[in-house]
Amino acid sequence: MKEKIAVAILNWNGKALLEKYLPGVIEDSKPHPVYVIDNDSSDDSVAYVETHFPEVKIIQTGENLGYAGGYNEGLKPLKEKYAVLLNSDVRTTPGWLEPIMGHFEKYPNCGAVQPKIRWDREPEKFEYAGASGGFIDALGYPFCRGRVLHELEVDGGQYDDARPVFWATGACLAVNMEAFERAGKLDPMLFAHMEEIDLCWRMQRAGYEVWVEPKSEVYHLGGATLNADSPRKTYLNFRNNLIILVKNLPQLRAMGIVFTRLILDGIAGVKFVLEGKPKHTLAILQAHFAFYGRFTKIQRTRMSYKGLPLLPLKKLKGTYVGSMVWQFYVRGHKHFSSFFK
């Protein structure tokens with residue numbers, strides 16, 4: 001039983017998504033157990049699952065702890081060796097868990113692995129949240145094999161090789177529970193967005209690898225909690241990106257990048273104004289002030305990860321030594337593959 005893999009779906013007022021996606025997840029995941037971790041929903045989603053899917057185990061957190069806190073609390077009762085942290089808006093495919101299981105067994109040092117993830121709205125395209133594996137550039141900007149900034153590539157099999165990456169998507173994040181614990185779990189300070197990047201970064205610091213296994217394939221709706229046009233999403237992304245840089249990089253290197261990001265994020269704010277999105281500019285300002293206001297807390301959190309060495313990005317897998325933003329906006333490189341020619 002210890003070799004089993006569990007599917008854990010975090011839910012908050014997501015009855016409509018559970019109605020749409022849960023039946024397929026249950027069928028595609030057999031014989032492995034499916035859990036629904038409920039973040040104190042006020043709709044009747046829990047009653048719906050209990051009535052229609054009694055085989056699904058429900059774990060209630062008692063309050064809305066966000067993605068990070070919800071999973072940290074909800075995964076505690078699980079006894080399986082591996083767990084897939086699955087968004088409630090993901091459409092799975094038959095046999096999708098077997099390549100993931102096989103990958104963990106083949107690579108015992110693998111801390112996390114993601115499937116290839118396409119967009120459920122336009123299934124021929126990769127999906128924003130993870131595509132075929134996450135990378136990070138020298139300034140800490142994340143991007144994916146198949147997605148650079150807002151540009152989504154059509155999946156023509158160009159990224160069908162399994163390989164180590166920097167981060168695996170939080171929409172469908174399969175973890176070795178031992179590595180999850182060793183790396184310090186998810187950080188509740190982040191609440192939502194970029195928690196998976198932070199976790200995968202710490203897994204690499206702990207000596208584990210992070211992979212993408214495209215033999216497994218799922219489809220993600222995306223934007224079910226916060227859509228791309230939400231200023232709240234902009235705030236969390238900019239704030240959390242700065243937080244994870246300071247948490248995981250050597251101090252001097254982190255401060256140098258943060259200073260550079262202050263300038264680049266300012267340019268991003270001006271761009272939002274020119275696009276008629278002043279609320280997003282305000283969100284960037286709020287993100288920076290929130291980051292500076294939490295600096296002492298971030299430092300304490302940084303020091304709490306005992307035995308995880310602070311390494312420069314070039315020492316880790318899945319990094320790009322240049323600037324993704326420069327390649328995209330100045331050189332006009334819209335596809336991941338053009339960065340490595």
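All figures in this text were calculated on a predicted structure; none of them were measured in a lab. Numbering of residues starts from 1 in every chain and runs along the sequence as written. In view of the model being predicted, local features appear only for residues whose pLDDT reaches at least 70, and side-chain atom pairs are presented and counted only at 80 or more, with totals across whole chains, interfaces and linings using the full set of residues. Hydrogen atoms and water are omitted, and side-chain values are computed over all heavy atoms in the structure.

A. Examining the overall build of the protein more closely. Only runs of H or I of at least four residues qualify as helices and only runs of E of at least two qualify as strands under DSSP, and these elements are numbered from the N terminus. When you go through the protein residue by residue, the secondary structure sums to eleven helices and 14 strands. Radius of gyration here uses only the C-alpha atoms, and the compact-globule reference equals 2.2 Å multiplied by the residue count raised to the power 0.38. Taken over C-alpha atoms, the radius of gyration comes to 19 Å for the protein, in line with the 20 Å a tight globule of 341 residues would show. With the C-alpha coordinates of the protein rotated into their principal frame, the extents come out at 55 × 45 × 40 Å. Should any heavy atoms of two residues lie within 4.5 Å, those residues are counted as being in contact. Restricting to contacts in the protein with at least 6 residues of sequence separation, those with at least 24 account for 76%. For the area figures, the Shrake-Rupley method with a 1.4 Å probe applies, and any residue is considered shielded solely by the protein chains shown. Accessible area of the protein: about 14600 Å², with a carbon and sulfur share of 57%. Residues scored as positive are Lys and Arg, those scored as negative are Asp and Glu, and His as well as the terminal groups of each chain are ignored. Every charge is mapped to an atom, namely NZ of Lys, CZ of Arg, CG of Asp or CD of Glu. Side chains of the protein give 43 positive and 38 negative charges; the mean places of these two sets differ by 8 Å.

B. Seen up close, unusual backbone geometry. Cis geometry is adopted by the peptide bond preceding Pro 31, which originates at Lys 30 and carries an omega value of 10 degrees. Mapped onto the secondary structure, Pro 31 falls in the loop between α1 (15-29) and β2 (34-38). Phi at Leu 149 is positive, roughly 50 degrees, even though this residue is not glycine. As for its position among the elements, Leu 149 is in the loop between β9 (147-148) and β10 (151-152). Although it is not a glycine, Lys 185 adopts a positive phi angle of roughly 60 degrees. Inspection of the secondary structure assignment puts Lys 185 in the loop between α5 (177-182) and α6 (195-205).

C. Geometry of the pairing of strand β4 (residues 82-86). Within β4, five of the five residues are buried, which leaves the element mostly enclosed by the surrounding structure. Partly exposed residues are those whose accessible area sits between 20% and 50% of the maximum for their type, while under 20% is buried and over 50% is exposed, using a 1.4 Å probe and protein chains only. Burial of β4 is two-sided: the residues Tyr 82, Val 84 and Leu 86 facing one way and the residues Ala 83 and Leu 85 facing the other way are all buried. In this analysis, strands are considered paired if DSSP registers two or more bridges between them. In this sheet, β4 lies alongside strand β1 (residues 5-11) in parallel orientation, the contact comprising five bridges. Note on β4: the bridge partner recorded for Ala 8 is Leu 85. Here β4 runs beside strand β12 (residues 172-176); their pairing, made up of five bridges, is antiparallel. Note that in β12 the partner of Ala 83 across the bridge is Val 175.

D. Inspection of the state of the cysteines at higher detail. The term disulfide is used for any two cysteine sulfur atoms that are within 2.5 Å. Inspection of every chain in the model, using the stated rule, returns zero disulfides. Considering cysteine sulfurs only, Cys 200 is the nearest to Cys 144, which forms no disulfide, with 11 Å between them. On the basis of relative accessible area, Cys 144 is assigned to the buried category, the value being 0%. We classify Cys 200 as buried; its relative accessible area is 0%.

E. Quick look at the packing of helix α7 (residues 231-248) against helix α8 (residues 251-274). Where α7 contacts α8, the axes come no closer than 10 Å and their chain directions differ by 165 degrees. Between α7 and α8, the angle is such that the two are roughly antiparallel. As α7 packs across α8, the resulting crossing turns out to be right-handed. Here α7 contributes Thr 234, Phe 238, Asn 241, Leu 242, Leu 245 and Val 246 to the contact with α8, which in turn contributes Ala 254, Met 255, Ile 257, Val 258, Arg 261, Asp 265, Ala 268 and Phe 272. Three classes are used: nonpolar for Ala, Val, Leu, Ile, Met, Phe, Trp, Tyr, Cys and Pro, charged for Asp, Glu, Lys and Arg, and polar for all others, with Gly counted as polar. Broken down by class, the residue content of the contact of α7 with α8 amounts to ten nonpolar, two polar and two charged. Inter-axis angles, ranging from 0 to 180 degrees, are taken between N-to-C directions of lines fitted to C-alpha atoms, where helices are fitted over the stretch in contact. Any angle from 65 to 115 degrees is called roughly perpendicular, while one under 35 is roughly parallel, one over 145 is roughly antiparallel, and all others are oblique. Should the near helix be turned anticlockwise from the far one by less than a right angle, the crossing is left-handed, and should it be turned clockwise, the crossing is right-handed.

F. Just the side chain of His 288, in detail. With respect to the element layout, His 288 can be found in helix α9 (residues 278-293). You can call His 288 buried: its relative accessible area is 6%. Setting aside residues up to four positions removed in sequence, His 288 forms contacts with Leu 242, Arg 261, Leu 262 and Asp 265.

G. Representation of the pairing of strand β6 (residues 110-119). Taking burial as the measure, the ten residues of β6 include nine buried ones, the bulk of the element. Judged from the two bridges that link them, β6 and β12 form a sheet pairing that is antiparallel. Paired with Ala 112 across the two strands is Val 175, which belongs to β12.

Nothing here speaks to function; it is geometry throughout.
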